[in-house]
Each structure stands twice: as structure tokens, then as C-alpha cells.
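# Report on the structure
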Amino acid sequence: MIAQLRVDDRLIHGQVALVWTKELNTPGIIVANDNAANNQMVQMTLKMATPTGKKLLIRTVDDAIKVFNNPKGANMRIFALTNSVKDALKIAQNVKDIEGINVANVGRFAKDANDAVQLSSTLMLSQDELKSLKELASLDIPVFNQVVPSNAKTPIKTLLKNK
Amino acid sequence: MTDILIASHGHFASGLKSSIDILTGMAKKIQVIDAYVDKSDYTKQITDFIQNAKRPAVIFTDLKGGSVNQKVVLKAAQEKDIFIVTQTNLAVVLAVFLDNEKLTKEHLQDLINQSQVELFQLNDGDESSTQEDEFFG
């Protein structure tokens, strides 16, 4: 089961690796990202960022969905990561057992920020991503923004008001 | 959470604290001494920490044998359950800061061993990707 599906531009990095895997008590991390699944250098950097003792699987979004639905994983707490809302939406629509979706860091490094919409200090969404986020927030799963565990969980629906 | 004091020559200590705050958002509780950036006497802060820190506590210093390390050793080395760590790096402070097991000398040594500086090399270790059986195994 997915203990948390996190959307983060940087996928696995210091904050995510150390703090969240402890907080969520997740022995397994799955990165669902087409670029990472096809790029060995990216895979290497993600492996380096994975804390000692945690298991890591890097898959394309479609392959990751198959893994999430593998009955072997039903009792394993999994921390899942994507770097876009669009990918997270695809997973949420195709995987049943998700405790919560944390839209944490999105779009802050995007090149074309002209028609981006700022939802919070860590969320800058393109029109496409905003559309995906609205769809994500309409699903029957808690969707929130929480960068580090000491922050409060802000419901995405609250951030989307009037957008 | 273990009580932590970092003491360094110059702004290294507050710099480490700044890095940890960016990584965790929780660094407020870390105490720091940036020695010699002004003329003030920093040894009082060491004494205060020793008096007030809940045990076990850890004092990190920068260079082994440096004057800041010497001052810390003189004040704290004989204190029960205050550990002094030297040659400090970001990884080791973070490891102790985020740890939630009982901090014994042996456990602290493990955390230190996991936080060493390394020469980065391409193709370090096994790069073959993990298989699902292994992942769920």
C-alpha cells in the first residue's frame, strides 16, 4: 500500500529521504518517473539519496502502477514519488490503496513561468498541472501540501479556492 | 530529540544549523557557537549548555585540537552523558538530530561511521536496478 504519494520536483533529496521515510515508517521507496527509469545517471543520483536500509525501485509511471497493484506489496508501507501532478493523477486513478497524496514542491524550477499560478511558496503550477491538480483534488483521497512533517497539512482544496 | 550544541571557528556552526533547518524545518532547538566572529567570550555558552541540556547530549566541534574543541573538552569531557564529536560534517549532525533511538556511545559511533566523507566515484557499487522480488522480499 502507498503510505504517501509525494509530488516533488526533486524526487528523492535530503528532505524527503531522511525526514519523510522516518516519519512515514516506509521501508520501500518507489520513484515513478519516465525520465529516471530511462536514465542511468539519474538512477545513480537517486540511489545515492536513498537512506541506508531503505529499498528503492525506479520505474516508468505505467510500470510503477503495475508494481503498486502487485498483491505482494499489499502489506508493505511504500513511499511513492512523482515529479509532476500529472503523473500523480495517473497513479491515483489506477491504484486503489493510497493513504494520502502530498503535493509538496512543484514548478519552482520551471523555465516558463509566464502563465504559472502560484498556490503557495512551494507550488507554482502551469495551466496543465493546475488542471491535473483540480482533478486530483476531486478524488476520494486526502490531497494536501506539507513540505516537512513539522508543517501543518494544508488541504489542496483550500489552496485551489478561487483559482 | 537529543540536545545539540555545535561550536566552530566562525560561522560554520550557524551555517550547519541553517542547512539543517532547510532540510528539516526543525533546527530551532539546535544551539550554536560561532567563535571569534566578535570579541565575546563563548565559553559561557558551553557552560550554560552543560548545565541545562537534558542527557544524553552532544557537542559537535569543528577541528580536533582546535581552540574551540579544546575549550569544549576542558569544560565538558568529564561530564557524564555529554558526548563530544569532532571533525564534524553536516551528515553526522543531521544523523544525530533525526535519530530517535537511545543515544549510547556505541550507537553514536554507528551514526558517525555512516556519515563519513567519501571520494565520489562513478559506478560505485552495484548499479543494476533493483528487481521487484528483491524489493518485496
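Everything that follows concerns the structure shown earlier in this document.
To start, this report covers the structure provided alongside it. (Residues numbered from 1 in each chain as written. Chains lettered and ligands numbered in written order. Predicted model: local features only at pLDDT ≥ 70, side-chain atom pairs only at ≥ 80, totals over all residues. Heavy atoms only, no water.)

### Quick look at the interface of chain A and chain B
Heads up, the rule is: Should any heavy atoms of two residues lie within 4.5 Å, those residues are counted as being in contact. By convention in these notes, a salt bridge is any Lys or Arg side-chain nitrogen within 4 Å of a carboxyl oxygen on Asp or Glu. In protein, a polar contact means a hydrogen-donor-capable atom and an acceptor-capable atom, both N or O and within 3.5 Å, with residues adjacent in sequence counting only if both atoms are side-chain atoms; elsewhere, any N or O pair within 3.5 Å suffices.
Taken residue by residue, the interface counts 25 residues in chain A and 23 residues in chain B. Seen at the junction of chain A and chain B, the total is 1 salt bridge. As a salt-bridge pair, A:Lys72 and B:Asp133 come within 2.8 Å of each other at their nearest N and O atoms. Counting across the interface, chain A meets chain B through 5 residue pairs in polar contact (both at pLDDT 80 or more).

### Topic: the sheet that holds strand 3 (residues 57–61) of chain B
All names here are of chain B. Applicable threshold: At least two bridges found by DSSP between two strands is the condition for calling them paired. Only DSSP runs of H or I reaching four residues or more are called helices, and only runs of E reaching two or more are called strands; each is numbered from the N terminus. Angular values range over 0 to 180 degrees, each being the angle between N-to-C directions of two axes fitted as lines to C-alpha atoms, with helices fitted over their stretch in contact.
Strands sit in the order 2-1-3-4 across an open sheet of 4 strands; the sheet is parallel. Taken across any chain shown, the strands that pair with only one partner, and hence form the sheet edges, are strand 2 (31–35) and strand 4 (82–85). Strand-to-strand, the axes of this sheet are offset by a mean angle of 15°, without reference to chain direction. Pairing of strand 1 (residues 3–9) with strand 3, which is carried by 5 bridges, proceeds in the parallel orientation. The partner of leucine 5 across the bridge, within strand 3, is isoleucine 59. Here helix 1 (residues 12–24) sits on the sheet and contacts strand 1 and strand 2; the angle it forms with strand 2, its principal contact strand, is near 145°.

### A look at the pattern of salt bridges
All names here are of chain A. We apply this condition: The classification of residues rests on relative accessible area computed with a 1.4 Å probe and restricted to protein chains. Under 20% of the type maximum is buried, over 50% is exposed, and intermediate values are partly exposed.
With the rule as written, the count across this model stands at 9 salt bridges over all chains. With its nearest N and O atoms 2.8 Å apart, the salt bridge here joins arginine 6 to aspartate 8. When the shortest N-O distance is used, the salt bridge between lysine 66 and aspartate 63 registers 3.5 Å. With lysine 66 and aspartate 63 both in helix 4 (residues 61–68) and 3 residues apart, the pair spans about one turn of that helix. Aspartate 63 sits in the partly exposed class, given a relative accessible area of 32%.

### Examining a nonpolar patch on the surface
Selection criterion: Patch criteria: residues need more than 30% relative accessible area and no salt bridge. Like-charged residues are merged within 9 Å; nonpolar side chains of Val, Leu, Ile, Met, Phe, Trp and Tyr are merged within 5 Å. To measure how exposed things are, a 1.4 Å probe is used in the Shrake-Rupley method; for residues, cover is taken only from the protein chains shown.
Together, A:Met41, A:Met48, B:Phe120 and B:Leu122 line one region of the surface with nonpolar side chains, adding up to about 440 Å² of accessible area. The class of A:Met48 is partly exposed, set by a relative accessible area of 48%.

### Quick word on helix 3 (residues 40–49) of chain A
All names here are of chain A. The criterion, for reference: For this quantity, the arc is that covered by the directions from the helix axis to the C-beta atoms.
Among the residues of helix 3, Gln43, Met44 and Leu46 are the ones counted as buried. The buried side chains of helix 3 occupy one side of the element, clustering within an arc of 165° when seen end-on. The inward-facing, buried residues of helix 3 contact strand 2 (28–32), helix 2 (34–37) and strand 3 (55–59).

### Notes on the packing of helix 1 of chain B against helix 4 (residues 90–98) of chain B
Residue and element names in this part refer to chain B. Note the threshold: Any angle that is under 35 degrees is reported as roughly parallel, and any over 145 degrees as roughly antiparallel; angles of 65 to 115 degrees are reported as roughly perpendicular and all others as oblique. Crossings are sorted by hand: turned counterclockwise from the far helix by less than a right angle, the near helix makes the crossing left-handed, and turned clockwise it makes it right-handed. All amino acids are sorted into three groups, where Ala, Val, Leu, Ile, Met, Phe, Trp, Tyr, Cys and Pro are nonpolar, Asp, Glu, Lys and Arg are charged, and the leftover types, Gly among them, are polar.
Contact geometry of helix 1 with helix 4 gives a least axis separation of 10 Å together with a crossing angle of 55°. Considering their axes alone, helix 1 and helix 4 lie oblique with respect to each other. For the pair helix 1 and helix 4, the sense of crossing is right-handed. Between helix 1 and helix 4, the residues in contact are Leu16, Ser19, Ile20, Leu23 and Thr24 and Leu90, Val93, Leu94, Phe97 and Leu98, respectively. A class-by-class count of the residues in the contact of helix 1 with helix 4 yields 8 nonpolar, 2 polar and no charged.

### Points about the side chain of A:Gln4
Residue and element names in this part refer to chain A. Here glutamine 4 shows up in strand 1 (residues 2–8). Only 3.2 Å separates the side chain of glutamine 4 from the side chain of asparagine 102, close enough to count as a polar contact. Residues within four places of glutamine 4 in sequence aside, it is in contact with Trp20, Leu24, Ile78, Phe79, Ala80, Gly100, Asn102 and Phe144.

### What about the layout of surface pockets?
Residue and element names in this part refer to chain B. Definition in use: In this analysis the probe radius is 1.4 Å and the grid spacing 1 Å, with only protein atoms considered; a cavity is a set of points the probe fits into but cannot get out of, a pocket is an open set with protein on both sides within 12 Å along at least five of seven lines, and lining residues have an atom within 4 Å of a point. Grid points are joined across faces, edges and corners, and a volume is the space filled by probe spheres set on the points.
One number sums up the size of the second largest pocket: a volume of about 290 Å³. Lining the second largest pocket are 15 residues, with Ile84, Val85, Thr86, Gln109 and Ile112 sitting closest to its centre. For the lining of the second largest pocket, the elements supplying multiple residues, two or more each, are strand 4 and helix 5 (105–113). Counting residues per element, the lining of the second largest pocket draws most heavily on helix 5, which supplies 4 residues. Looking at the lining of the second largest pocket residue by residue, the classes come out as 7 nonpolar, 7 polar and 1 charged.

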